[in-house]
Amino acid sequence: MDTIRLYLHSMRMLIRSQLQYPVSFFMQTLAQLVMEGGEMMAVILLVDRFEHLNQWGAGDLYFFFGLMSVTFYLTECFGRGITGNFPYLVRTGQLDTFLVRPRGVLTQAMCSAVDPRRITCIAVGVVALIIGSRLAAIEWTAVKVLLMAEAILCGSILILGLFMIEAIFSIYSVKSIELVNALTYGGRSACEYPIDTFPRPLRVLFTVLAPFALTLHVPGAWILGKPLFGWPEWAVWVSPVSGIVFFWVIWICFQKAMKHYRSTGS
Amino acid sequence: MKAYLSAFRMRRKMELQYRGAVLGGVICQVFFGLILVAIYRAMYAGKPQEIPLSHITSYVWLQQAFFRMLLASDPELMDKIRTGSIAYDLCRPLDLYGFYYVRIMAQKMTGSLLRAVPMLVIAFLLPEGWGLMLPASPTGFVWSLAGLFLGLLCVSALENITMGFTMRTLDFRGMQALLNLLMMILSGNILPLTLFPDSWQRVITLLPYAQLLDAPIRLYTGDTPSSAVPGILLIQFFWILLLTGAGILFWRANQKRLEIQGG
Amino acid sequence: MSYICVRELEKRFVIREKRKKGALLREKKTVRALQKVSFDVEQGELLGYIGPNGAGKSTTVKILSGILTPDGGEVTVGGRVPWQERREHVRQIGVVFGQRTQLWWDVPIRDSYDLLRDIYRISPEDYRTRLSELTEALQLGDLMRTPLRQLSLGQRMRAELCGSLLHRPELLFLDEPTIGLDAVSKLALREFLQWENKRQGTTILLTTHDMEDIVALCPRVMVLGHGRKLFDGSLAALLGRYDTVRTVTVSYEEAEAVPELPSAIPVIREGKNLMITYCPDEYATAELIARLQAAGTVRELTVQPQNVDRLVAAMYREMDL
């Protein structure tokens, strides 16, 4: 599809222009690597001290951490255009420029920003997945790999939906972006750990409202061969779809927001 | 002296203008705090530790409440550098080091106090095993306040050096980002230092990063007994003197360089 | 049916004013940006669109390009309603904003054009032809490898034009394109626009504050004021009807040249140069020029119309708005 070609082309150009400032690029990449490394180190130290969390052992915890890391930073790598960059697009009137081109606004927004520095964070996540997989002695089958791919993909779409909320807020000039950040980044920090760690209100929040648990933890638990938090076996393939449903709901809100933008101007 | 005070007051005014963002920020931090506490509670349930759970939860809440003090962020500065109006600052007949020192301190204090108070109130009101404990002892509490202030001086000095680097390289993102995450990791924000392996703790607590929050928090919870206070103060004073001295030298060199370049 | 058909176009904006002391909410004020504006444009026309700030020019352009949805009235461009069929409509138009750029800042402009080719789905052969055509016409050959941020304002405008015309739009909107440009660049730009209009048959709608743009380019002018259409016709008619004041600048060989003029006419002298402001209704231009020529050896003589704002103000006075 030529949308993908457009995206790849934009990505190449953005990376080329970012590499024009190599020192800054390197420093920021390093900073992010250290940051994510620090998060992983926290998990390692906790596991070292506490050895297990409820029925989850060290390998399980690394696996969940890796799953969330890879999913989240994959989204951050490609989806910056509709979150961090979007307020800038609105402010500078770049959104109008998008409207004058025969492409979707979301497509162009996503093409406008790519964050290749996140590759380091994704790498850390992959390392965590490998370590977790070894320690938890996962017996990998093609089915399990497929399920993991589905979980990561649907999780990405979920997070993309959360990112889109920021875009919607910036169109309506809502200032309280921090609340949404709580959901997005709080969700990330929380759901690095299996959902049964948390008391009921938080469990409900991350299952019903921002369904991290359904997209990542249920499939994750199945791959680890552990109980599925009370969900039936067949739900394993279906629960990640909740991420897509979430995205779809937010997408509708985004269309509404664009309608509003086009009737009130900038 | 007057110049410093007015700079201080101006900063304070600006911070207070962001009132709307504060409420959102507080809710955000409380949310994070609840998540972290839930994780540690679950971990403790499996394997209780020497350090009581209430110390850890208090650690978490105090860290979240004073989170703003950790970060180096001056959005104005970024714009100034980008537009080049930083040159005006450099031309002012003020002692630049002192000016920025006060500015950094004011930012940290006003930014955090505004959020800390409501957060701490909420933390106190949480049920047993979830929230902030009362100080271990009255003297411990007093020393923790002293420790907090000294820690603030220490980290402001540290950040001032970074600011100097930023001026020099005009790259505001790189160095500050690095400093921020070193702060977050090594001051116990991501994981309480009290949960680090003991051998690691012995080294990390000596570093300047740990002085801002970890040191005062330990005094508050009693993890550091009052008898160990002189040692703590020594470490803090050492870093303050070292970093301030290094900072002044660095800025002097910077200023000379800029004067030669012509700005 | 005309190419562009605008009927009774209306647009209102609600703005929140600054909070007054003691008031709980900010007051809302409704600004009528466009009030029942109607006009037609045929394909291939070169139309100038003038008016003071806030007159509704940008609003019209935004609605015609499909960015903004109006509150009332009808618009069709090439048979389509711009904001309803955005993507199909937008494929046929090009837009150049004077203040904003649609090219990428940090990369060579050639790369920007390559990306635009993908965005507009231009075929490779068509792209090659069109790009070389525009490169030559706009003299961008040496600049292709230069990033936009390193170009001067004049060069940037040429680069913008190229970018906006790559996909061979039928209709081109230009919003204050000559702002900030030096004289040479302005001339080159106008020449190019004429070439594009004559050779490609591109319909061009030019919004400007600069009367010289209009004089040089536009056989047809529309004047907007306070959201209303005040004038729609030829430039000659506009000048004839509303241009009530002229300024003549004359340069003499001799320093002592003193023309014989009625005392009511103000004359500003600076050495050998004189500037005379007069009203052609009251004093015939021919007569004035004759007198000026009689006073000495004329090196140079120019007659200038007044600027747009005064023109529109004069128009208001006449329409009693």
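Rules of the game
- Residues numbered from 1 in each chain as written.
- Chains lettered and ligands numbered in written order.
- Predicted model: local features only at pLDDT ≥ 70, side-chain atom pairs only at ≥ 80, totals over all residues.
- Helix = DSSP H or I, 4+ residues; strand = E, 2+ residues; numbered from the N terminus.
- Buried ≥ 20, exposed ≤ 12 C-beta atoms within 10 Å, placed from the backbone.
- Contact = placed C-beta atoms within 7 Å.
- Axes fitted to C-alpha atoms, helices over the stretch in contact; angles between N-to-C directions.
- Parallel < 35°, antiparallel > 145°, perpendicular 65-115°, else oblique.
- Left-handed = near helix turned anticlockwise from the far one by under 90°.
- Nonpolar A, V, L, I, M, F, W, Y, C, P; charged D, E, K, R; others polar.
- Pairing = 2+ DSSP bridges.
- Domains from an automatic or database assignment.
- Core = buried A, V, L, I, M, F, W, Y, C linked by C-beta atoms within 7 Å.
- Expected span 1.5 Å × (residues − 1).

### Some points on the overall build of chain B
Here's step 1: What chain B contains, in helices and strands, is 13 helices and 0 strands.
Here's step 2: Reading the secondary structure of chain B in the N-to-C direction produces α-α-α-α-α-α-α-α-α-α-α-α-α.
Here's step 3: Out of the 263 residues belonging to chain B, those deemed buried represent 45%.
Here's step 4: Within chain B, contacts between residues at least 6 apart in sequence are counted, and of these 83% link residues at least 24 apart.

### Quick word on the overall build of chain C
Here's step 1: Counting secondary structure elements, chain C contains 10 helices and 13 strands.
Here's step 2: With the C-alpha coordinates aligned to their principal axes, the bounding extent of chain C is approximately 65 × 60 × 50 Å.
Here's step 3: When burial is assessed residue by residue, chain C has 35% of its 321 residues classed as buried.
Here's step 4: In chain C, of all internal contacts separated by at least 6 residues, the share reaching a separation of at least 24 is 71%.

### Here's the deal with the packing of helix α5 (residues 153–165) of chain C against helix α6 (residues 183–200) of chain C
All names here are of chain C.
Here's step 1: Running from N to C, α5 and α6 point in directions that differ by 15°, and their axes come no closer than 10 Å. By the angle class used here, α5 and α6 are roughly parallel. Here α5 and α6 pass one another in a crossing that is right-handed. Contacts between α5 and α6 involve Gly-154, Met-157, Leu-161 and Leu-165 from the first element and Ser-185, Leu-189, Phe-192 and Glu-196 from the second.
Here's step 2: Here the contact of α5 with α6 is composed, by residue class, of 5 nonpolar, 2 polar and 1 charged.

### A few points about the sheet that holds strand β12 (residues 273–278) of chain C
All names here are of chain C.
Here's step 1: Taken in spatial order, the 4 strands of this open sheet run β11-β12-β10-β13, and their pairing is antiparallel. The open sheet has two edge strands with one neighbour each: β11 (267–270) and β13 (298–305). On average, each strand axis in the sheet is tilted by 15° relative to the strand beside it, whichever way the strands run.
Here's step 2: In terms of strand pairing, strand β10 (residues 246–252) meets β12 through 6 bridges, oriented antiparallel. When the sheet's bridge partners are listed, Ser-251 is paired in β12 with Asn-273.
Here's step 3: Relative to β13, helix α9 (residues 285–295) is tilted by about 155°, and along the sheet it contacts β10, β12 and β13.

### Description of the domain arrangement of chain C
Here's step 1: When the domains of chain C are assigned, the result is domain 1 (4–240) and domain 2 (245–305).
Here's step 2: On a C-alpha basis, the centres of domain 1 of chain C and domain 2 of chain C stand 38 Å from each other.

### Notes on the interface of chain A and chain B
Here's step 1: At the junction of the two partners, chain A supplies 33 residues and chain B supplies 27 residues.
Here's step 2: Put simply, the parts of the chain that give the side of chain A that touches chain B at least two residues each are α2 (22–50) and α9 (177–190) of chain A.
Here's step 3: With 15 residues, the single largest contributor to the side of chain A that touches chain B is α2(A).
Here's step 4: Partitioning the side of chain A that touches chain B into residue classes produces 17 nonpolar, 10 polar and 6 charged.

### Topic: the nonpolar core
Here's step 1: Within the largest apolar cluster, 210 residues are counted, with the highest numbers of intra-cluster contacts made by A:Leu61, A:Cys191, B:Cys154, C:Leu47 and C:Cys162.
Here's step 2: The greatest single-element share of this core, amounting to 15 residues, is contributed by helix α8 (residues 142–171) of chain A.
Here's step 3: Look past the residues within four positions of C:Leu47 in its chain and what remains in contact with it is C:Val41, C:Ile204, C:Leu205, C:Leu206, C:Cys218, C:Arg220 and C:Met222.
Here's step 4: One finds C:Tyr252, C:Ile276, C:Tyr278 and C:Leu292 within the second-largest nonpolar core, a separate group that totals 7 residues.

### Details of helix α7 (residues 119–135) of chain A
All names here are of chain A.
Here's step 1: Taking 1.5 Å per residue, 17 residues should reach 24 Å; α7 reaches 24 Å between its end C-alpha atoms and fits that length.
Here's step 2: Turning to α7, its buried residues number three or more, namely Cys-121, Val-124, Gly-125, Ala-128, Leu-129, Gly-132 and Ser-133.
Here's step 3: On its buried face, α7 is in contact with α2 and α3 (58–79).
Here's step 4: Once α7 finishes, Ala-137 follows within two positions and takes phi at roughly 55°, a positive value.

### Considering the interface of chain C and chain A
Here's step 1: The interface of chain C with chain A comprises 24 residues on the first partner and 20 residues on the second.
Here's step 2: Broken down by secondary-structure element, the contributors of at least two residues to the side of chain C that touches chain A are α1 (57–65), α2 (86–91) and α3 (109–119) of chain C.
Here's step 3: Among the residues making up the side of chain C that touches chain A, the classes are represented as 11 nonpolar, 4 polar and 9 charged.

### Observations concerning the sheet that holds strand β4 (residues 72–77) of chain C
Residue and element names in this part refer to chain C.
Here's step 1: Strand order in the open sheet formed by 3 strands is β2-β1-β4, and the pairing between neighbours is antiparallel. At either end of the open sheet lies a strand with only one pairing partner, and these are β2 (28–41) and β4. The average undirected angle you get between the axes of adjacent strands in this sheet is 30°.
Here's step 2: Across 10 bridges, strand β1 (residues 4–16) lies against β2 in antiparallel orientation. Residue pairing in the sheet places Ile-15 in a bridge with Lys-29 of β2.

### Re the environment of A:Ala182
Here's step 1: Mapped onto the elements, A:Ala182 comes out in helix α9.
Here's step 2: Taking C-alpha positions, A:Ala182 is 18 Å from A:Phe247, a pair spaced 65 residues apart along the chain.
Here's step 3: Setting aside anything within four residues of it in sequence, one finds A:Ala182 in contact with B:Ile27, B:Cys28 and B:Phe31.

### Observations regarding unusual backbone geometry
Here's step 1: With a phi angle near 50°, A:Asn54 is a residue other than glycine that sits in the positive phi range.
Here's step 2: Looking at the element boundaries, A:Asn54 is found in the loop between α2 and α3.
Here's step 3: By the C-beta count within 10 Å, which is 14 here, A:Asn54 ends up partly exposed.
Here's step 4: Phi at C:Gln139 takes a positive value of approximately 55°, unusual for a residue other than glycine.
Here's step 5: With respect to the helices and strands, the residue C:Gln139 is situated in the loop between α4 (124–138) and α5.
Here's step 6: According to the C-beta neighbour criterion, C:Gln139 is partly exposed, with 13 such atoms within 10 Å.

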